[in-house]
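# Architecture at a glance
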Amino acid sequence: MSSTTASNGSKKKGDGNDSSFSWFEGFASVFKEICNRSDKRRIIHSIKVGVALVLVSLLYLVNSMFKQIGENAMWAIMTVVVMFELYAGATLSKGINRGIGTLIGGGMGCLAAVLAAENGGIAKPTIVVISLFAYGTVATYYRLVPNIKKRYDYGFMISILTFNLVAVSGVRAEKVVEVARDRLAAIGMGFILCIFVNLFIFPIWASNDLHFSTSSKFNKLANSIQGCFDEYFKLGSDKENHDKVGDGSASIVACKIVINSKSNDEALANHAKWEPWHGKFGLYYPWDKYLEIGEHLREIAATIISLKGCLQSPKQPPQMKRQMLKGQCDDFLLSMIWILNEIGDSIGKMEKCQTKLTINPKLQLLTLQLSPPGSFSCKVETDENLAISSLNFLLSEIVEKVQILAAKVEELGEIANFRPTKLDV
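Residues numbered from 1 in each chain as written. Predicted model: local features only at pLDDT ≥ 70, side-chain atom pairs only at ≥ 80, totals over all residues. Heavy atoms only, no water.

## Considerations on the overall build of the chain
- Within the chain, the secondary structure is distributed over 17 helices and zero strands.
- A total of 425 residues make up the chain; the buried ones form 40% of that total.
- For the chain, the share of sequence-separated contacts (at least 6 apart) that also reach a separation of at least 24 residues comes to 82%.
- When the accessible area of the chain is evaluated, it comes to approximately 23900 Å², of which 63% is carbon and sulfur surface. (Helix = DSSP H or I, 4+ residues; strand = E, 2+ residues; numbered from the N terminus. Buried < 20%, exposed > 50% of the residue type's maximum accessible area, 1.4 Å probe, protein only. Contact = heavy atoms within 4.5 Å. Areas by Shrake-Rupley, 256 points an atom, 1.4 Å probe, with all protein chains shown as cover.)

Here it is, written out as structure tokens:
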């Protein structure tokens, strides 16, 4: 019995150790999974924010620095918290907007406060109220102008805020100019610290993301077209194919990603315009051309979704009759995949697109194949013939849109001074 008890006791102890070990192992696996799923850049950005906050807090924690700056050190801490963004361009954009907005708002606020103080009496609050109304109205109006709002909205907001703080505080506080100057100096310290940490410690560039995101979309669209035809010619009953293919298929998901990328592309382009010269991208790089290319890519993606719906139509001919179209579809597919990948690679590698030498001849050949009398032909019923005609029309639309897209990419190569493509002899 004693041996049994001992064994039971040892088993209980072992169970306790095993449970604690399994808990630790489970926690470690979850943490590892989170790290694997998380973007490494987010981890780097979080560490950089922590470093910046520690450095800027020294202005408040170190006695010698606090004696020089005083309570205004809090403005430097607030600047770091508000300004620090993932992308270097976004941080520069906020910092420059904040600096210019603070200078203009602070300067105008000091002017209004001094003017009110010189008059005194009932005129003092009257001048402040009128100036608040006038400045707030005019600045807000210009802030709502679309072109200004896109790039300078934050600067106008800070300008209005600073003007109100300085002008109103000037009614009660003495030496308002000195207070504004000290706060501006603290904000400048926070700005310089943000720029130093974000630009010189593992910088994350919005320009790189926009460049490689645009080039990768061509491959997505090429794979989407291939996926549409693979499912169209898939062996099996029509009902089985229809059940397997849905809106969540890979080809549709890729197209929806391209279509929904407009807001992200515009944000990246706006941040990229603020970034300094780095790597392959110089000053005044034509980021607006990337947005134009993105618009054409979204048009092609929408056409591919229409093509998907056409191929899924119950009016399409049955599986055996579809095989009569397979040869022509394969020719179109191989040419279109090569063209899209070639254009995408020219952007990714920053090489000039050989539109006239290689791409246009292939597109012209596809146009001839899709136009009568070389269009898809099959002895089918009226509804099926209508479905084939719709397929032919959508493929012609894709060819036409890709031709326009190739011309836009060629323009980008000329403006951005892409290097010439090395042709294999």
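Now, onward.
## Re the packing of aromatic side chains
- A complete count under the given rule lists 12 aromatic pairs for this structure.
- Residues Phe-196 and Phe-200 carry aromatic rings whose centres are separated by 5.7 Å and whose planes lie at 40° to one another, so their mutual orientation is tilted. In this pair, Phe-196 and Phe-200 are both assigned in helix α8 (residues 176-200), four residues apart and thus about one turn of the helix distant.
- With relative accessibility at 62%, the residue Phe-200 sits in the exposed group.
- An aromatic cluster is defined as three or more aromatic residues linked by ring pairs; in this entry it consists of Phe-229, Tyr-232, Phe-233 and Phe-332.
- Cation over ring: Arg-151 sits above Trp-274, and NZ or CZ is 4.8 Å from the ring centre.
- The aromatic ring of Phe-233 is capped on one face by Lys-326, whose charged end is 5.8 Å from the ring centroid. (Phe/Tyr/Trp six-rings, centres within 6.5 Å; stacked < 30°, edge-to-face > 60°. Lys NZ or Arg CZ within 6 Å of the ring centre and 35° of its normal.)

## Observations regarding the nonpolar core
- Counting 59 residues, the largest nonpolar core has Phe-229, Phe-332 and Met-336 as its most contacted members.
- Among the elements of the structure, α9 (206-232), α11 (250-259), α12 (262-274), α13 (287-311), α15 (326-348), α16 (355-370) and α17 (382-415) are those that each provide at least two residues to this core.
- Top element by residues in this core is α17. It accounts for 11 residues.
- When residues no more than four places from it in sequence are discounted, the contact partners of Met-336 are Ile-225, Leu-363, Leu-366, Ile-398, Val-399 and Val-402.
- If you look at the next biggest cluster of nonpolar residues, it comprises 14 residues, including Ala-52, Leu-59, Ile-69 and Leu-193. (Core = buried A, V, L, I, M, F, W, Y, C linked by side-chain atoms within 4.5 Å.)

## Here's the deal with a nonpolar patch on the surface
- A cluster of nonpolar side chains, namely Ile-43, Ile-47, Val-51, Leu-55, Leu-58, Leu-61, Val-62 and Met-65, defines an oily patch on the protein surface of about 640 Å² accessible area.
- Considering each element in turn, the nonpolar patch owes the most residues, six residues, to helix α2 (residues 40-61).
- You can see Ile-47 is positioned in helix α2.
- The exposed category is assigned to Ile-47, whose relative accessible area is 54%. (Patch = residues over 30% accessible without salt bridge, like charges linked within 9 Å, V, L, I, M, F, W, Y side chains within 5 Å. Salt bridge = Lys/Arg side-chain N within 4 Å of Asp/Glu carboxyl O.)

## Side note on the side chain of Asn-360
- One can find Asn-360 in helix α16.
- In this structure Asn-360 comes out as buried when scored by relative accessible area, which is 17%.
- Discounting chain neighbours no more than four positions away, the residues touching Asn-360 are Thr-355 and Gln-403.

## As for the packing of helix α5 (residues 88-119) against helix α6 (residues 123-143)
- For the pair α5 and α6, interaxial distance at closest approach is 7 Å and the crossing angle is 155°. Taken together, α5 and α6 sit at an angle that is classed as roughly antiparallel. The interaxial crossing formed by α5 with α6 has right-handed handedness. Contacts from Ile-104, Gly-105, Met-108, Ala-112, Leu-115, Ala-116, Ala-117 and Asn-119 of α5 reach α6 at Ala-123, Lys-124, Ile-127, Val-128, Ser-131 and Tyr-135.
- Class assignment of the residues belonging to the contact of α5 with α6 gives a composition of 10 nonpolar, three polar and one charged. (Axes fitted to C-alpha atoms, helices over the stretch in contact; angles between N-to-C directions. Parallel < 35°, antiparallel > 145°, perpendicular 65-115°, else oblique. Left-handed = near helix turned anticlockwise from the far one by under 90°. Nonpolar A, V, L, I, M, F, W, Y, C, P; charged D, E, K, R; others polar.)

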